[in-house]
2 protein chains.
Amino acid sequence: MHLFYQPDQVSFLTEDDSRHAVKTLRLGVGDGIAVTDGHGNRHSAVITQADSRRCGFRIIETQTTPSRPFSIRICVAPTKNIDRIEWFVEKAVEIGIERISFFFGQHSERRVLKLERIEKIAIAAMKQSLQSYLPQLDEAVSFSDLLETVNDEQRFIAHLPDNSAPTNLAKIATAQRRYVVLIGPEGDFSEKEIQQAVAAGFQMVTLGPNRLRTETAALTACQLLNFLNV
Amino acid sequence: MHLFYQPDQVSFLTEDDSRHAVKTLRLGVGDGIAVTDGHGNRHSAVITQADSRRCGFRIIETQTTPSRPFSIRICVAPTKNIDRIEWFVEKAVEIGIERISFFFGQHSERRVLKLERIEKIAIAAMKQSLQSYLPQLDEAVSFSDLLETVNDEQRFIAHLPDNSAPTNLAKIATAQRRYVVLIGPEGDFSEKEIQQAVAAGFQMVTLGPNRLRTETAALTACQLLNFLNV
């Protein structure tokens, strides 16, 4: 069953999904589809109007998936090569994440991030992995502004192994909590940023013995926290 | 310190690394470099000849890293879009893996895999993550031929959640073992392949509740087995 995304309470698919359903998949009136609102509701529906700009559907039944008993938030500095951060978003959404926040650090080379493209990737990954929740995506802000937004229980800042952070995230994170992990840019966090984070209640952790790229570190933290809750 | 790769017992860098060291990094005679043989040995060395085709070096001291007390082998069917499998190789090498084997399944759309490019990516990832071991990479073979090569202790076959495999890999893999995990193509394994694997001592496992792409499943298995040994 093809899964589509319609966040609004309307009885037709978005323009992108309408085109995909009618033009690409050649679905017609009476064909069954699945539609998620990205907030845990998944509708079984049938197409009532095969319009490639505004494909109508009628809901037959709705299944609501409860949200997870834990939440993972990764805050990451966009990489110089944008493909890498887009790749992280796709993979993190596939395996499971509640919120992705972006920030520009003192050592960030990239100072611009278009969230629209990132959102498209997240939506595609949600559909592809057949999930009913679309993670929250936050516009990139400064590191200080980011810290202002943190209200998560367990707070971690990933730091390169050769600096003073001997504790592996796997050893100190505990199950069923609301986690937030900060992942620095290619140039790493500045000393000032690390101090700010520690002052804001973040614990310094490593994600393993190897030096990881920014996007690899971000995904590894997300994977680890998911496994912790298996 | 820049890390280079020279698998042979010679006192000069490969042509690629020579060009990178002399042309790109502009290193000269007397500059210090690090050189790994990909088998656990890491040499501290100095450049003796700044030749961009054949950069000579003299070893000052050698550090040998013992191999890990466990080993991870992932056998994966190359994806239709080769970028995805290349991405998996880069990430798996970064986080830690001993061996990557490729196979063509009954439902594989891709029937060709150039190992040379994959090797370049693995070498770059080993250097980038500052490791001294280069994982073994095996040429793609048929699924039956692949099973012939399996001598690993703990054997798992990742299978889509909606099929009969309720056990998560995290629940049955144990620490400090030699693992092998089979990851199917986009079209999944055929029933025949699953039966062959089970007959060869593989246990069916899932990697989480979501439907994962081939390369995501492969990396997730690798991540999980690494975490199991933290």
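Before reading further, recall that the structure is shown in the block above.
Owing to the predicted nature of the structure, the values given are computational and were not obtained by experimental measurement.

**Student:** Would you take a moment to explain the sheet that holds strand E3 (residues 41–49) of chain B for this structure?
**Tutor:** Sheet strands associate in pairs through backbone hydrogen bonding, adopting either a parallel or an antiparallel arrangement. Residues and elements named next belong to chain B. Spatial strand order, E1-E2-E3-E4: four strands in an open sheet with mixed pairing. The open sheet is flanked by strand E1 (3–5) and strand E4 (56–64), the only strands paired with a single partner. Each adjacent strand pair in this sheet contributes to an overall mean axis angle of 35°, direction not counted. Pairing of E1 with strand E2 (residues 32–36) involves three bridges; the strand directions are parallel. In the sheet register, phenylalanine 4 faces E2, and the bridge partner there is valine 35. Across the sheet, helix H3 (residues 115–128) touches E1 and E2, and the angle it forms with E1 is around 150°.

**Student:** Would you take a moment to explain the layout of surface pockets for this structure?
**Tutor:** Which parts of space are left empty comes out when a probe the size of a water molecule is rolled across the atoms. All names here are of chain A. A volume near 840 Å³ is recorded for the largest pocket. When contributions to the lining of the largest pocket are tallied by element, the ones reaching two or more residues are helix H2 (82–95) and helix H7 (214–228). Looking at which element gives the most residues to the lining of the largest pocket, the answer is H7, with three residues. Tallied by class, residues from the lining of the largest pocket come to 16 nonpolar, 14 polar and five charged.

**Student:** I keep staring at the state of the cysteines and nothing clicks. Help me out?
**Tutor:** All names here are of chain A. In total, this model carries zero disulfides over all chains according to the counting rule given. Unpaired in terms of disulfides, cysteine 75 finds its nearest cysteine sulfur in cysteine 222, a separation of 12 Å. Taking the relative accessible area as the measure of exposure, cysteine 75 reaches 0% and is therefore buried.

**Student:** What's the story with unusual backbone geometry in this structure? I'm lost.
**Tutor:** With glycine set apart, most residues show a phi of negative sign, and most peptide bonds adopt trans. The phi dihedral of arginine 26 of chain A is positive, around 55°, even though this residue is not glycine. Relative to the helices and strands, arginine 26 of chain A is located in the loop between helix H1 (15–24) and strand E2 (32–36). Using a relative accessible area of 70% as the deciding quantity, one classes arginine 26 of chain A as exposed. The phi angle at leucine 130 of chain B is positive, at roughly 60°, despite the residue not being glycine. Looking at where leucine 130 of chain B falls in the secondary structure, it is placed in the loop between H3 and strand E7 (136–142).

**Student:** Please explain the nonpolar core as it appears in this structure.
**Tutor:** General note: in soluble globular proteins, nonpolar side chains tend to be found buried as a group. Membership of the largest hydrophobic core comes to 86 residues, with the highest contact counts inside it found for Ile74 and Phe88 of chain A together with Ile74 and Phe88 of chain B. Among residues more than four places away in sequence, those in contact with phenylalanine 88 of chain B are Ile74, Val76, Ile97, Ile100, Glu215, Ala218 and Leu219 of chain B.

**Student:** I keep staring at the interface of chain B and chain A and nothing clicks. Help me out?
**Tutor:** Interfaces are often sized by the amount of accessible area the parts lose when they come together. Each partner contributes residues to the interface: chain B has 28 residues there, and chain A has 28 residues. Approximately 2,400 Å² of surface area, both sides summed, lies buried where chain B meets chain A, with 53% of it carried by carbon and sulfur atoms. Looking at the side of chain B facing chain A, the largest losses of area belong to Arg211, Phe227 and Val230 of chain B, adding up to 25% of the total buried there. Between the two partners, chain B and chain A, sit six salt bridges. In this structure, the salt-bridge partner of lysine 91 of chain A is glutamate 215 of chain B, at a minimum N-O distance of 2.6 Å. The tally of links from chain B across to chain A stands at 24 residue pairs in polar contact (both at pLDDT 80 or more). Of all the elements in the fold, those that place two or more residues in the side of chain B that touches chain A are helix H2 (82–95), H3, helix H5 (169–172) and helix H7 (214–228) of chain B.

**Student:** How should the side chain of serine 52 of chain B be read in this particular structure?
**Tutor:** Assignment of secondary structure puts serine 52 of chain B in the loop between E3 and E4. Among the polar contacts listed, one links the side chain of serine 52 of chain B to the side chain of lysine 23 of chain B, at a separation of 3.4 Å.

**Student:** Please clarify how the relation of the copies chain B and chain A should be interpreted in this entry.
**Tutor:** Mapping one chain copy onto the other needs a rotation about an axis and a shift along that axis. Superposition of chain B onto chain A requires a rotation of 180° combined with a translation of 0.0 Å along the rotation axis, giving an RMSD of 0.0 Å. Such a combination of turn and shift is consistent with a two-fold rotation axis. Residue by residue, 100% of the interface of chain B is reproduced at the interface of chain A, so both copies engage with the same surface.

Here is what the cut-offs are and how they apply
- Residues numbered from 1 in each chain as written.
- Chains lettered and ligands numbered in written order.
- Predicted model: local features only at pLDDT ≥ 70, side-chain atom pairs only at ≥ 80, totals over all residues.
- Heavy atoms only, no water.
- Pairing = 2+ DSSP bridges.
- Helix = DSSP H or I, 4+ residues; strand = E, 2+ residues; numbered from the N terminus.
- Axes fitted to C-alpha atoms, helices over the stretch in contact; angles between N-to-C directions.
- Contact = heavy atoms within 4.5 Å.
- 1 Å grid on protein atoms, 1.4 Å probe; cavity = no way out; pocket = protein on both sides within 12 Å on 5 of 7 lines; lining within 4 Å.
- Points joined across faces, edges and corners; volume = space filled by probe spheres on them.
- Nonpolar A, V, L, I, M, F, W, Y, C, P; charged D, E, K, R; others polar.
- Disulfide = S-S within 2.5 Å.
- Buried < 20%, exposed > 50% of the residue type's maximum accessible area, 1.4 Å probe, protein only.
- Core = buried A, V, L, I, M, F, W, Y, C linked by side-chain atoms within 4.5 Å.
- Buried area = accessible area lost by both parts, 1.4 Å probe.
- Salt bridge = Lys/Arg side-chain N within 4 Å of Asp/Glu carboxyl O.
- Polar contact = N/O pair within 3.5 Å; in protein donor to acceptor, adjacent residues only side chain to side chain.
- Least-squares fit on C-alpha atoms with pLDDT ≥ 70 in both.

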